[in-house]
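# Inside the fold
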Amino acid sequence: MAKRAVAVVVLAAGQGTRMKSRLPKVLHPVAGRPMLNHVLDAAAALKPDRVVVVTGKGQEAVAVAAQPATIVIQDPPRGTGHAVMAAMPALKGFKGDVIVLFGDSPLLPPVLMKTLLSARRHRSDPAAVIVGFRPADPAAYGRLIVDGKGRLQKIVEYRNASAEERAVTLCNAGLMALDGARLPALLKKLSDRNAQGEYLLTDAVEHANAQDWTCRVVEADPVDVMGINTRAELSIAEAAMQQRLRARAMAEGVTMVAPETVFLRADTRLGRDVVIEPFVVFGPGVTVTDGVLIRSHSHIEGASIASGATIGPFARLRPGAAIAEAAHIGNFVEIKNAKIERGAKVNHLTYIGDARVGAAANIGAGTITCNYDGFGKYHTDIGAGAFVGSNSALVAPVKIGDGAMVAAGSTITRDVPGDALAVARGRQEDRPGFAAKFRAIQSAQKKKK
């Protein structure tokens, strides 16, 4: 049997006025990734032959985020049915299964996509399969009216529902799987003669039943099909996504001492036997390999951490930080665009930016690489086995040779040869008895006053 084609149409033209934002609603992030991209990720589980994203006029940023999907413009927006109509030229000649999703549903699991498609391909050959859910508070959701044989008879908007229909707890989530061969006929039947003045895709169920085409329902977890319309709902979705990401990480071998205090990104990659203490935040682009310890109150983004390394507490790793095996990054240390090689230690109150710290080097407390002069960034190279004493300033561009030592309190402005000791500070001078004399003078002056 030939493989049946699948097309996914994502409706993403909503302005999201209740978000009160210049950013299109579907681009608001959940776990650091735009909601639209979470939806496209879920749809990818179907290995679709075509992906069409319907967006609104002037929403070029949505088109960029949706690449490489085909983009169509719905202008002006006149309802969900009208949005699918706008997508039809991109589906010209398509006879497979059409999955209609919403770009503001970031929690859709791939398994739901597969269940929806499987239901569309049931031997009963339904023209449409609708996703339903049973919320704790049905509120004003549309109701799915199903007969005794499990066939969907109609979708009733709350405002138009009878008291009996309002008592139904199975609500419309909006997601659909449709037979692409029958879809044009269903769309042709849609009308904007309703209270909203819009072409509503939900009306396709009524028209399908009128032609004796079966419609069915797939039930989903309310969290999975949650749509986002406000920033409050966005925060609820973020909490749900974080819970999923933490659970997945722990199932794959990560220890979290207090999971509820750890915040991950959708692209965070954690190896086995990683231990994460409380209050750790991951930004985008972080990869952590096996056996790493991340102590409390650390913030990590755009960084890679190799096996056996220790980070924190209170460490900040910024983009470009590459921490090698068994390296130690300690409390109140900031690393930016720097490579910390195997076994190196940067343990206290230090800034390392635009630099290399060689294997087994030891960087003392309060050391900074002076990498920026107000115009350009410059590189500091610290050799293997080097020792930099506390409270030293390394003025880039500068190189500290292998095995070299920098005396505490030094300001290094030129290269230090390997195995040399560099001392760059004012010579100490002691004046015996000066402090006692100074105090006596000050005391006498106060008495005169």
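Read on for an overview of the structure.

Thresholds, definitions, all that
Residues numbered from 1 in each chain as written. Predicted model: local features only at pLDDT ≥ 70, side-chain atom pairs only at ≥ 80, totals over all residues. Heavy atoms only, no water. Helix = DSSP H or I, 4+ residues; strand = E, 2+ residues; numbered from the N terminus. Rg over C-alpha atoms; globule rule 2.2 N^0.38 Å. Buried < 20%, exposed > 50% of the residue type's maximum accessible area, 1.4 Å probe, protein only. Contact = heavy atoms within 4.5 Å. Areas by Shrake-Rupley, 256 points an atom, 1.4 Å probe, with all protein chains shown as cover. Lys, Arg positive; Asp, Glu negative; His and termini not counted. Charge placed at Lys NZ, Arg CZ, Asp CG, Glu CD. Expected span 1.5 Å × (residues − 1). Salt bridge = Lys/Arg side-chain N within 4 Å of Asp/Glu carboxyl O. Disulfide = S-S within 2.5 Å. Core = buried A, V, L, I, M, F, W, Y, C linked by side-chain atoms within 4.5 Å. 1 Å grid on protein atoms, 1.4 Å probe; cavity = no way out; pocket = protein on both sides within 12 Å on 5 of 7 lines; lining within 4 Å. Points joined across faces, edges and corners; volume = space filled by probe spheres on them. Phe/Tyr/Trp six-rings, centres within 6.5 Å; stacked < 30°, edge-to-face > 60°. Lys NZ or Arg CZ within 6 Å of the ring centre and 35° of its normal. Pairing = 2+ DSSP bridges. Right-handed = clockwise from strand over helix to strand, strands pointing away.

Counting its secondary structure elements, the protein chain contains nine helices and 33 strands. Its C-alpha atoms give the protein chain a radius of gyration of 31 Å, more than 25% over the compact-globule value 22 Å for 449 residues. Dimensions along the principal axes, computed over C-alpha positions, put the protein chain at roughly 105 × 65 × 40 Å. Looking at the protein chain as a whole, 47% of its 449 residues are labelled buried. Sequence separation of 24 or more characterises 42% of the internal contacts of the protein chain that already satisfy a separation of 6 or more. Of the roughly 22100 Å² of accessible surface on the protein chain, 53% is carried by carbon and sulfur atoms. Each charge sign in the protein chain was given a centre, from 56 positive and 41 negative side chains, and these centres are 5 Å apart.

What sets the pattern is the α-helix's 3.6 residues per turn: residues three or four places apart point alike. Taking 1.5 Å per residue, 21 residues should reach 30 Å; helix α8 (residues 231-251) reaches 30 Å between its end C-alpha atoms and fits that length. Those residues of α8 that sit buried are L234, A237, A240, M241, Q242, L245, R246 and A249.

Here we take up the pattern of salt bridges. Enumeration according to the criterion identifies 22 salt bridges in this entry. Linking D97 and R4 is a salt bridge whose minimum nitrogen-to-oxygen distance equals 2.9 Å. With D97 in strand β6 (residues 97-102) and R4 in the segment before β1 (6-11), the pair connects residues that are 93 residues apart, well separated along the chain. The exposure class assigned to D97 is buried, which follows from its relative accessible area of 0%.

With that settled, the discussion passes to the state of the cysteines. Covalent bonding between the sulfur atoms of two cysteines is what defines a disulfide. All chains considered together, the criterion is met by zero disulfides. C171 forms no disulfide, and the closest cysteine sulfur to it belongs to C215, at a distance of 18 Å.

The subject of this paragraph is the nonpolar core. Counting residues in hydrophobic clusters, the biggest one holds 60 residues, and the most contacted among them are F282, L317, I323, I329, I335 and I340. Elements with a contribution of two residues or more to this core: α8, β23 (328-340), β24 (345-357) and β30 (398-400). It is α8 that provides the largest number of residues to this core, a total of six residues. I329 has contacts with T310, I311, G312, A315, L317, I323, I335, I340 and V346, leaving out every residue within four places of it along the chain. Counting residues in each nonpolar core, the second largest holds 35 residues, with A12, A42, L116 and F133 among its members.

Quick look at the side chain of N371 now. When you line up the elements, N371 lands in the loop between β26 (368-370) and β27 (380-382). For N371, a relative accessible area of 6% corresponds to the buried category. Not counting residues within four places of it along the chain, the set of residues in contact with N371 comprises K336, Y351, G353, D354, G376, K377, Y378 and A396.

Right, let's get into the layout of surface pockets. Size it by volume and the largest pocket reaches roughly 1700 Å³. Lining the largest pocket are 47 residues, and of these K25, T80, F102, D104 and N229 sit closest to its centre. When contributions to the lining of the largest pocket are tallied by element, the ones reaching two or more residues are α3 (80-87), β10 (171-179) and α8. Top element by residues in the lining of the largest pocket is β10. It accounts for five residues.

Residue placement: I130 occurs in strand β7 (residues 128-133). Exposure remark for I130: the relative accessible area of 0% places this residue in the buried category. Sequence separation of I130 and A177 is 47 residues, and the distance between their C-alpha atoms is 6.7 Å.

With that out of the way, let us pick up unusual backbone geometry. With an omega dihedral of 5 degrees, the bond running from Q67 to P68 counts as a cis peptide bond. Along the chain, P68 falls in the loop between α2 (60-66) and β5 (70-74). Residue P76 is bonded to the preceding D75 through a cis peptide linkage, with omega at -5 degrees. In this fold, P76 is placed in the loop between β5 and α3. Located in the positive-phi region is A139, a residue other than glycine, with phi close to 45 degrees. Positionally, A139 belongs in the loop between β7 and β8 (143-146). By relative accessible area, A139 is classed as partly exposed at 41%. A positive phi angle, close to 55 degrees, is found at D354, a residue other than glycine.

Turning next to the packing of aromatic side chains. Taken as a whole and assessed by the stated rule, the structure comprises three aromatic pairs. Here F314 and F332 contribute two aromatic rings whose centre-to-centre distance is 5.0 Å and whose plane-to-plane angle is 10 degrees, an arrangement assigned as stacked. Linking F314 in the loop between β20 (310-311) and β21 (316-317) with F332 in strand β23, this pair joins segments that are 18 residues apart in sequence. By relative accessible area, which is 37% here, F314 ends up partly exposed. Relative to F438, the ring of F434 lies with its centre 6.1 Å away and its plane at 20 degrees, an arrangement referred to as stacked. With a gap of four residues between them, F434 and F438 both fall in helix α9 (residues 434-448), about one helical turn apart. Geometry around W213 places R182 over its ring, the cationic atom sitting 5.3 Å from the centre.

For the rest of this paragraph, the subject is the side chain of Q242. Following the sequence through the fold, Q242 ends up in helix α8. When neighbours within four sequence positions are excluded, Q242 is seen to be in contact with A31, V262, F263 and L264.

The next subject is the pairing of strand β4 (residues 50-56). Burial analysis of β4 places five of its seven residues in the buried class, which makes it a mostly covered element. The pairing of β1 with β4 spans five bridges and is classified as parallel. Directly across from V9, in β4, lies its bridge partner V52. Strand direction decides the pairing type here: β4 and β5, joined by five bridges, are parallel. Each bridged residue has a counterpart across the sheet, and for V54 the counterpart in β5 is V72. Of the crossover connections in this fold, the one passing from β4 over α2 to the parallel β5 is right-handed.

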